[in-house]
Amino acid sequence: MTLHLSIMLWIPLALGVAGLLLPAKLAPKLALGGTLLVLGYAITYVVDFQSSAGALQYVTDETWIAELGISYALGLDGLNLFLVLLTAILWFACTLWSTFWTPEHAADNPRLYYFHLGLAQTSVLGALLAQDLALFVVFFDLMLVPFFFLTGIWGGARRVQATMKLVIYTLVGSLLMLTAAVATGVLAAEGTDKVSFAFSDLAERSLGSSTQNWLFLAFAAAFLVKMPAFPFHGWMPDGYKAMPLPVLALFSGVLSKVAAYGFLRISLPFFPDASEHFQTLMLLIALASILYGSVMAFTTTHVRLILGYSSIAQLGFIVLGIFALNAQGAQGAILQAFNHGLVVAPAFFVVALLSARAGGSEDIRDMGGIATRAPVLTTLFLVVTFATLAMPGSSNFVGEFLILLGVFETKMTIAIIASSGVVLAAAYALRLFIRSVHNRTGPRVEASEMSMRDGLVLVPLVLAIIAIALYPQFALQRSEPTVTSLSAPPPAAQAEAVVPPGFEIERAP
Amino acid sequence: MTSVELFAWLTLGFPLAGMLAVALGARKLPGRSPAYVATGAMALSFASAVATLISLQGLGEEHRQVRAVAWDYAKTAGVDAQLSLLVDPLSVFMILVVAGVSTLIHVYSIAYLDSDRGYTRFFAYLNFFVFSMLLLVLAGNFVMLIVGWAFVGAASYMLISFWYRRTTATNAGIKAFIINVVGDVGLVLGTYFIFRHTGSLDFLATFEGIKEDFASNDPDLVAGCILLLVGAFAKSAQVPLHTWLPDAMEGPTPVSALIHAATMVTAGVYLIARMHPLFELAPTAADVGAVIGCLTLLIAGTIAIAATDLKRVIAYSTMSQIGYMIMAVSAGAYAAGLFHLMTHAFFKALLFMAAGSIIAAMAGQQSLDKMGGFKKAMPFTYGCMVIGGLALAGIPPFSGFFSKDEILLLIGDRGGWYWGLYVAGYAGAFLTGVYTFRMIFRAFWGAPVPEALELEEGHIHHPEVHANPATGEVEDTDVGFPGPEHHIAERETSMKVAMGTLAFLTIVGGLLQIPKVTHVIDRFLEPSFHESALFEREPSGGLIGFGLIIGTVVGLAGIGLAYVIWVKNPGMSERIRERSRGLHTFLVNTWYFDELIDFTVVRPAQWLGSFAQQTFERVFVNGLLVGGATGIVRAGSSAVRAAQTGFLRYYAALLVAGMAGVIFYFLLAS
């Protein structure tokens, strides 16, 4: 059976366009149907995926612009498989959520809203599936467009400033990346007969180390802003406060992971010397993100920002794993990217429910005491909280365990300092939980249990968290062969190692 | 699947199933039925534990270490974590104690928690706790151990914060959870240090090759073991990570009996015993454990003498007793430490249950200052308290006597500086006698308080307005606070059954292991410690007789002193307090450990947070890094403004931090 990735890729956009043309009340249904189809496809891919193979599967490879060496190449492997699944799950959940989510501007033009959601999903899937650098850049930059409109039109207070800030920040990164991408294709082609942006060609060509260095930094800037990582997160507080919550859940759950994925897909394989060269710098940025994000999450009282800063910290862990530059770190990073998306989206959903019960306030000082009247919501929130703080037994813990182990093997000091982030995470996550559902009832709080409709969004996500917690191997075994072949081993190790370099556990004498 | 594996999985499975049944059926289960479901699950779990024991004993001694694997959990990139259990005499010993005592505490809670509006939730939590604890002791590799370890911490958090409308309870809960996470991190890092050399996370595989992987006192092994100890100290409330335990008394009393006396806090003792092949190769780390255990037993003993909250007195005594166990297993007296773990579980659960009964009679009031003269009103509770107290004080023939003295015998027998620990152990035993009977005399002797007189006439005191005894804050009676009705052992069969059984076990439990006479525990545990040189040691004959006599004398002397101060000469305690005011303040403030942690950890973190929040984020990130001219202009003007308004010192701080960062970078890069 051939499963065409292109079908899955273009369904959301196609149905979004259809929604624009058909009567307004059909738009949400079409969008929901589209995300459900994508989810079905994604699950099929995950089940059908050959775990033992490291190479790309379901490859589509067509020449697109022959003169420039750009091809329309898509494929799935261990790196993007679970991010595609995550995208499918969260888009379905958040689209469903959008159908009954009622902010001030919700009535404005639902057709356009769902069109942008569809466009956003297509661009995210495109960036994840692309096997050509130019294609990747196109989709990566395209992601910004729908989110620009979604925030600018349907956002909360101060949305205009927030949008401007977001755009300026990401545009700077994107332009750097565009330049670097062009340079990569052209410079790598030196000594060969023709320019090509296809990943498969780039992997065989090599760049000089000083060239690699500046290309690496340009890509890193774009990725770090998108995540965001400290200190590139200036747009985050305003952006997070302004975005409509379902959109924010997608942004925080998926888009940040696309950036992390970029490091694994592009930076490590194509700039191996630079990755090695900047390893310590990247690890320190990650470490700073972990500590800074955690401390900020611990002191702010705005619920969205608690989650926002906690995301900075979590993304810090993912970057840490990627730049451990070994298999354990990379495996942990991929798993953690999936886990974090799966946890942060329901967390934003719970935040919406909590805020609705606190008279619309998003400040934890106005919340509290709803556990009595909303035991089911509280229980589900507790599971999400424990997963957020990466309690052992959750899949998040397995991710962090592998990440820290990977870093421990290369830079022990950094791993030990980073582990304090685990304690801080417990502090901020539990603080959010206790302040928002326990203690005395807040002044404006009207407690009530969540509805069946809310349950339709929240319960499947929580069940998914529990399922992956019981069997993280399900994800790990699918990504392992790709990660092992991805290897960006240090040149020294390359000389010594026999089997997949740099990836076996060294036993000390 | 062999029968050993099957029964081990069942032991673990029943509490989990019980929790799910209670939680999912919460709305459909009427009256006391959630408690029956949960208690039934526990009884089945205990029965399975017994069946595990029988089928394990059916195997030859050399085959009594069974690994039961369910599926691959995280088996990738050199990591070999499976969902696996290790069933051996040590873990079977632990599941018997845990499941057995837990079942009794469930029975007790059926009545004790009745009328609490969180009744169903309570039993779901309680089942979840037992599941976690069983997972912890049955874990077959480091990852599963850490999972059980953290689940236990989470369950403890939920139960401490059970009355979540009380700010005191939620604060105590978060404190316990965070200190426990510190312990988890210790375990994780310790695991890394060991895994680095062994290349396996499985216990049996690790222990098998340990002598080839490590030289004696290898720095990595010592570091790993000390980090494991951090985990053990956090869970077992050893200094300086003990401050959560006294606060944990905010939870319902059965919780204190179950988690903060009989089971969870003994996890550290189990951990060291489980890891004994590592600790024997890292004597330095083992010595650290022994010394900290010894310090804890003394410090906690002194605090218990000054504490006035009934449950906190028992909590400090728990800390102190666990100090003995930690000292024992660190010094190689494994069987003795585990024996004390078992007897302590019996008598300490009994003491907490009795305390719960009297607290119920006081309508939730826990202060010893307000109690007195309950002897006549509560004879059954009094009897149980005295039996538990005598065992705790180490008076023969009660169980605590045999187990505590065996620990000290074996430690004294090692000679050298261990004599210091030996002497300190007896000093601690003296303190134990004093504080235990101070508590009993103050609560049960003397003139009866109004609540006691009311009870003698047949009424249990119920206040009109419910207030948190700790803060005086009026309770939110909606839910999430102790129920309006209170239940005492004299009136409730289920409480009587649980306490009676424990009292019986407290009296006879010591007979399992009497020096030179019976060796049940030693023999049973032998296969788990077959490669240990320290396990085989026998105390020399002379020390045995001497130790048994001195143990009795010291315990009786402590009780006698308590009698003199709190019964014979009323007012003497005030006079002593007056004369040594400084010392008293020091002890009442529990050696200022809370303040120390607050000053060194909590405040700097908060200061950093508010600095980041108010200055760094606003000026640096938003000011300097927002792209475009406006950002630069704004940053420039804000810098000028900041300089004028005294923000200069923050910039100075920033500069220093930046330089430190650069230096740090080069250090790491080099």
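Calculation notes
- Position numbers for residues count from 1 along each chain, tracking the sequence in the order it is written.
- For this description, chains carry letters from A and ligands carry numbers from 1, given in the order in which they are written.
- The model is predicted, so local features are restricted to residues of pLDDT at least 70 and side-chain atom pairs to those at 80 or more, both for listing and for counting; the totals for chains, interfaces and linings are taken over all residues.
- Where helices and strands are cited, they refer to DSSP runs of H or I of at least four residues and of E of at least two residues respectively, numbered from the N terminus.
- Only C-alpha atoms enter the radius of gyration, while the globule expectation follows 2.2 Å times N to the 0.38, with N the number of residues.
- Contacts here follow a simple rule: the backbone-placed C-beta atoms of the two residues must lie within 7 Å.
- Residue burial is a threshold on neighbouring C-beta atoms within 10 Å of the residue's own C-beta, all placed from the backbone, with 20 or more meaning buried, 12 or fewer meaning exposed, and counts in between meaning partly exposed.
- Each helix should span, by expectation, one fewer than its residue count multiplied by 1.5 Å.
- Per residue, pLDDT measures the predictor's confidence, with a range of 0 to 100.
- When residues are sorted by character, Ala, Val, Leu, Ile, Met, Phe, Trp, Tyr, Cys and Pro go into the nonpolar class, Asp, Glu, Lys and Arg into the charged class, and all the rest, Gly among them, into the polar class.
- A fitted line through C-alpha atoms serves as each axis, taken over the contacting stretch for helices, and the angle formed by two N-to-C directions is quoted from 0 to 180°.
- By the definition adopted for this analysis, an angle is roughly parallel if under 35 degrees, roughly antiparallel if over 145, roughly perpendicular if from 65 to 115, and oblique otherwise.

### Concerning the overall build of chain A
Logical step 1: Secondary structure summary: chain A contains 22 helices and two strands in total.
Logical step 2: For 509 residues, the compact-globule estimate of 2.2 N^0.38 gives 23 Å, and chain A sits close to it at 22 Å.
Logical step 3: With the C-alpha coordinates of chain A rotated into their principal frame, the extents come out at 70 × 60 × 45 Å.
Logical step 4: The contacts of chain A with a sequence gap of at least 6 include a subset with a gap of at least 24, amounting to 80%.

### Quick look at the overall build of chain B
Logical step 1: When helices and strands are counted, chain B shows 28 helices and two strands.
Logical step 2: Against the 2.2 N^0.38 benchmark of 26 Å for 670 residues, chain B shows a C-alpha radius of gyration of 26 Å, consistent with a compact globule.
Logical step 3: Projecting the C-alpha coordinates of chain B onto the three principal axes gives extents of approximately 85 × 65 × 60 Å.
Logical step 4: For chain B, the residues scored as buried account for 57% of the 670 residues in total.

### Observations regarding helix α17 (residues 379-393) of chain B
Residue and element names in this part refer to chain B.
Logical step 1: An ideal rise of 1.5 Å per residue puts 21 Å on 15 residues; α17 measures up with 21 Å between its terminal C-alpha atoms.
Logical step 2: All of the buried residues in α17 are Thr381, Tyr382, Cys384, Met385, Ile387, Gly388, Gly389, Leu390, Ala391, Leu392 and Ala393.
Logical step 3: Looking at the packing, one finds that the buried side of α17 touches α15 (310-330), α16 (334-361), α18 (399-413), α19 (418-444), α21 (493-508) and α23 (541-568).
Logical step 4: Of the residues one or two after α17, Gly394 is the one with positive phi, at around 75°.

### With respect to unusual backbone geometry
Logical step 1: With an omega of -15°, the peptide bond running from Met227(A) to Pro228(A) counts as cis.
Logical step 2: Omega for the peptide link from Val239(B) to Pro240(B) comes to -5°, which places this bond in the cis form.
Logical step 3: With respect to the helices and strands, the residue Pro240(B) is situated in the loop between α9 (219-236) and α10 (244-247).

### Remarks on the confidence of the model for chain B
Residues and elements named next belong to chain B.
Logical step 1: Chain-level pLDDT for chain B is 85 on average; 91% of the residues reach the 70-or-more range.
Logical step 2: Counted against residues more than four places away or in other chains, residues 626-630, with its pLDDT under 50, gives seven contacts.
Logical step 3: Across residues 643-649, where pLDDT falls below 50, the model places three contacts with residues more than four positions away in sequence or in other chains.
Logical step 4: For this predicted complex, the interface score ipTM comes out at 0.89, alongside a pTM of 0.89.

### Description of the interface of chain A and chain B
Logical step 1: Each side of the interface is counted separately: chain A has 57 residues, and chain B has 52 residues.
Logical step 2: When its residues are assigned to classes, the side of chain A that touches chain B shows 34 nonpolar, 16 polar and seven charged.

### Looking at the packing of helix α14 (residues 303-322) of chain A against helix α15 (residues 327-357) of chain A
All names here are of chain A.
Logical step 1: Direction vectors running N to C along α14 and α15 enclose 175°, while the axes themselves pass 9 Å from each other. Relative to α15, the element α14 is oriented roughly antiparallel.
Logical step 2: Tallied by class, residues from the contact of α14 with α15 come to 13 nonpolar, eight polar and one charged.

### A word on the environment of Pro12(A)
Residues and elements named next belong to chain A.
Logical step 1: Turning to its location among the elements, Pro12 is positioned in helix α1 (residues 5-21).
Logical step 2: Sequence spacing of Pro12 and Met243 is 231 residues, and the spatial spacing of their C-alpha atoms is 21 Å.
Logical step 3: Apart from residues lying up to four places away in sequence, Pro12 is in contact with Gly34, Thr35, Val38, Gly118, Gln121 and Thr122.

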